[in-house]
Amino acid sequence: MNFVYLRPVIVASLLAALTGCGFSDRVEEFSGPTMGSTYTIKYVRSSQTPALEQLKQETEAILAEVDQQMSTYRPDSIIEQFNDAPAGTCQVMPAPVFTLIDTGRELNALSNGAFDLTLEPLLNLWGFGPKARVEKVPDDAALANAKALIGMQHLRREGDQLCKDINVQVDFNSIAAGYTVDRIIQRFAELGISSALVEVTGELKAVGKKPDGKAWRIAVEAPQTDQRIAQRIIELDGYGVSTSGDYRNYFEENGKRYSHTLDPSTGAPITHSLAAVTVIDPSTLRADGLSTALMVLGTERGMALAEQLGVAAFFVTRSADGFVTEGSSTFERLFAEGDKQ
C-alpha cells in the first residue's frame, strides 16, 4: 500500500501472547505491510472460528478499502481527487469518509482547534507531507500562504457530498489507522471472534481474554530514539490505544530540532516539553485523534482537556533530569500503579 502513516507513533509493543498449550482454544497470529508500516493481528481461535486465511483476506480487504478511500499517497484515492479539485468543488463521498470528517469536527471543537484535518499544505511546506520536497524551515511568506489554506470551517457536507469553499486539502493520517483498527475488530466480532488484539501502524485495540483467562497486555514505550523500553504495562479489554510522540519524525536545522507535530494556531512545529502522550479509549478512532490533539496542546493544557473529557491519558514530559510521567485521573483509575514496570 502507498498510505504512509506520517505520525511516528510510539508503538505500544505487543507482549508475547500465550500459545494456548493445554487449552482447547489457542492464539493465532498473522501480519503484513500496510500504510507504509505494518499490521499485526492476534486472536483466539476456537472450533467455530473461520480459517486464518479467510481472516487475513477480510482484514486486508478493509485495509485496501481505507487505502483507496483515504490515502494521500495515491493520486487515484477518493480523498486525493477531492484535494486536487479547485475551490468550490463538491464530491460524493462514501460513508467512512464522513465518519472521519465528523470525528475531525468534534475533536477540532473540543480541542479549540488543536486538532485539524486540513494541515496538508503546512505538512508539505515543512517537509512532512505527501507532497513534501525537502525538510526545511519555511520563510514567513510561504508559511502565511500555507496557513491561509487550512481550517475545518472551509469544509461542509451537502447530502452525500463533501464541499470546500477554498482550496483546502484533507489529510486523514491522524485518525485513519485508529478507524481501521475499529473496523477490523468490528468485522471479527461479526465473524464470531470475541477475543483479539488488532494493531495497525502502532494504533491498537484488544477485546476479550486469552485462553488462560488473562487479559491482553501491552507495553507503552518510553520516548527513546535508539531503543525500546517498556515504561508502563497495561491490561486491555475493550479499549483502543494510541500514542503520539515528537522524537522519531523530525529534522534539525542550525542546531534546532523541528518536530513533525504541527500546531495549527502557529503553522509551525510544537515547541513545548511534552515528549509523548498515550490515550486509551473504547474507540480507537477517538484515541488516535485525541493523542494528536493532546500532543499539540502540551502537558498542562492537554491534561486539563483530558480531565475535562474524562479521558484516560498518560503524559511523558521532558525535564532537566530526564522524563516526568503523569496519568490523568481516569487513566490512574483504570490502570493502577501496580501495573507500572
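Calculation rules
- Residues numbered from 1 in each chain as written.
- Predicted model: local features only at pLDDT ≥ 70, side-chain atom pairs only at ≥ 80, totals over all residues.
- Heavy atoms only, no water.
- Helix = DSSP H or I, 4+ residues; strand = E, 2+ residues; numbered from the N terminus.
- Buried < 20%, exposed > 50% of the residue type's maximum accessible area, 1.4 Å probe, protein only.
- Contact = heavy atoms within 4.5 Å.
- Areas by Shrake-Rupley, 256 points an atom, 1.4 Å probe, with all protein chains shown as cover.
- Phe/Tyr/Trp six-rings, centres within 6.5 Å; stacked < 30°, edge-to-face > 60°.
- Salt bridge = Lys/Arg side-chain N within 4 Å of Asp/Glu carboxyl O.
- Core = buried A, V, L, I, M, F, W, Y, C linked by side-chain atoms within 4.5 Å.
- pLDDT = per-residue confidence, 0-100.
- Expected span 1.5 Å × (residues − 1).
- Polar contact = N/O pair within 3.5 Å; in protein donor to acceptor, adjacent residues only side chain to side chain.
- Axes fitted to C-alpha atoms, helices over the stretch in contact; angles between N-to-C directions.
- Parallel < 35°, antiparallel > 145°, perpendicular 65-115°, else oblique.
- Left-handed = near helix turned anticlockwise from the far one by under 90°.
- Nonpolar A, V, L, I, M, F, W, Y, C, P; charged D, E, K, R; others polar.
- Pairing = 2+ DSSP bridges.

### Side note on the overall build of the protein
Part 1 of the reasoning: When its secondary structure is counted, the protein shows 9 helices and 18 strands.
Part 2 of the reasoning: Within the protein, the fraction of its 341 residues that count as buried is 56%.
Part 3 of the reasoning: Across the protein, contacts joining residues at least 24 apart in sequence account for 65% of those joining residues at least 6 apart.
Part 4 of the reasoning: Put simply, the protein shows about 14000 Å² of open surface, and 48% of that area lies on carbon and sulfur atoms.

### Examining the packing of aromatic side chains
Part 1 of the reasoning: Applying the stated criterion across every chain, the model contains 6 aromatic pairs.
Part 2 of the reasoning: A ring pair is formed by Phe314 and Phe331, whose centres lie 5.2 Å apart and whose planes are at 25 degrees; its orientation type is stacked. Highlighted residues: Phe314 in strand E17 (residues 312-319) and Phe331 in helix H9 (residues 329-334), separated in sequence by 17 residues. The pair formed by Phe314 and Phe331 is uniform in burial state, with each residue classed as buried.
Part 3 of the reasoning: When the ring of Phe331 is compared with that of Phe335, the centres are 5.3 Å apart and the planes differ by 50 degrees; the resulting orientation is tilted. Like Phe335, Phe331 is buried.

### Some thoughts on the pattern of salt bridges
Part 1 of the reasoning: Here the structure, examined in full by the defined rule, presents 12 salt bridges.
Part 2 of the reasoning: The residue Arg74 makes a salt bridge to Asp67 at a minimum N-O spacing of 2.8 Å. Exposure class is identical for Arg74 and Asp67. Each is buried.

### A word on unusual backbone geometry
Part 1 of the reasoning: Phi angles above zero are rare outside glycine, and Met35 is one such case at about 50 degrees.
Part 2 of the reasoning: A positive phi is found at Asn112, a non-glycine position, where the angle reads about 55 degrees.
Part 3 of the reasoning: Residue classification places Asn112 among the exposed positions, given a relative accessible area of 74%.

### Considerations on the nonpolar core
Part 1 of the reasoning: One finds Phe172, Phe188, Val200 and Leu294 to be the most contacted residues of the largest nonpolar core, which totals 60 residues.
Part 2 of the reasoning: With sequence-adjacent residues up to four places away left out, Phe172 is seen in contact with Met70, Ile79, Val97, Leu100, Ile101 and Leu117.
Part 3 of the reasoning: One finds Trp216, Val220, Val316 and Phe335 within the second-largest nonpolar core, a separate group that totals 18 residues.

### Observations concerning the confidence of the model for the protein
Part 1 of the reasoning: Put simply, the protein has an average pLDDT of 88, and 87% of its residues get 70 or more.
Part 2 of the reasoning: Across residues 1-13, confidence stays below pLDDT 50; counting only partners more than four residues off in sequence or on other chains, it has 76 contacts.
Part 3 of the reasoning: Segment residues 16-23 is flagged for pLDDT under 50; beyond a separation of four residues in sequence, or across chains, it makes 14 contacts in the model.

### Structural notes on helix H3 (residues 95-110)
The periodicity of an α-helix, 3.6 residues per turn, causes residues three or four places apart in sequence to face the same way.
Part 1 of the reasoning: Helix length check: H3, at 16 residues, gives a terminal C-alpha distance of 23 Å against a target of 22 Å (1.5 Å per residue), a fit within 8%.
Part 2 of the reasoning: When H3 is considered as a whole, its buried residues turn out to be Pro96, Val97, Phe98, Leu100, Ile101, Thr103, Gly104, Leu107 and Asn108.
Part 3 of the reasoning: Contacts made by the buried residues of H3 are with helix H1 (52-70), strand E5 (155-158), strand E6 (161-164), helix H6 (176-190) and helix H7 (284-297).
Part 4 of the reasoning: Phi turns positive, to about 55 degrees, at Asn112, one or two residues after H3.

### Some words on the side chain of Lys205
Part 1 of the reasoning: Considering the arrangement of structural elements, one finds Lys205 in strand E8 (residues 203-207).
Part 2 of the reasoning: Among the polar contacts listed, one links the side chain of Lys205 to the backbone oxygen of Pro282, at a separation of 2.7 Å.
Part 3 of the reasoning: Setting aside residues no more than four positions away along its own chain, Lys205 makes contact with Val181, Asp182, Ile185, Ala196, Leu197, Val198, Gly238, Tyr239, Gly240, Pro282 and Thr284.

### Details of the packing of H3 against H7
Part 1 of the reasoning: Closest axis-to-axis distance for the H3/H7 pair is 10 Å, and the angle between their directions is 45 degrees. The pairing of H3 with H7 is recorded here as oblique in orientation. Handedness of the H3/H7 crossing: right-handed. Residues Thr99, Leu100, Thr103, Glu106, Leu107 and Leu110 of H3 form the contact with H7, whose own contacting residues are Leu285, Arg286, Gly289 and Leu290.
Part 2 of the reasoning: Looking at the contact of H3 with H7, its residues break down into 5 nonpolar, 3 polar and 2 charged.

### Points about the pairing of E17
Part 1 of the reasoning: Burial analysis of E17 places 6 of its 8 residues in the buried class, which makes it a mostly covered element.
Part 2 of the reasoning: Where strand E16 (residues 274-281) lies against E17, 6 bridges are found, and the strand directions are antiparallel. By the bridge assignment, Val277 is partnered in E17 with Phe315.
Part 3 of the reasoning: Pairing analysis gives 6 bridges linking E17 to strand E18 (residues 322-327), with the strands arranged antiparallel. Residue pairing in the sheet places Ser319 in a bridge with Gly322 of E18.

### Concerning the sheet that holds strand E11 (residues 239-245)
Part 1 of the reasoning: What the 8 strands build is an open sheet, ordered E2-E3-E7-E8-E11-E16-E17-E18; its pairing is antiparallel. Single-partner strands in this sheet number two, and they are strand E2 (26-34) and E18. Sheet twist, expressed as the average angle between the axes of neighbouring strands with direction ignored, equals 15 degrees.

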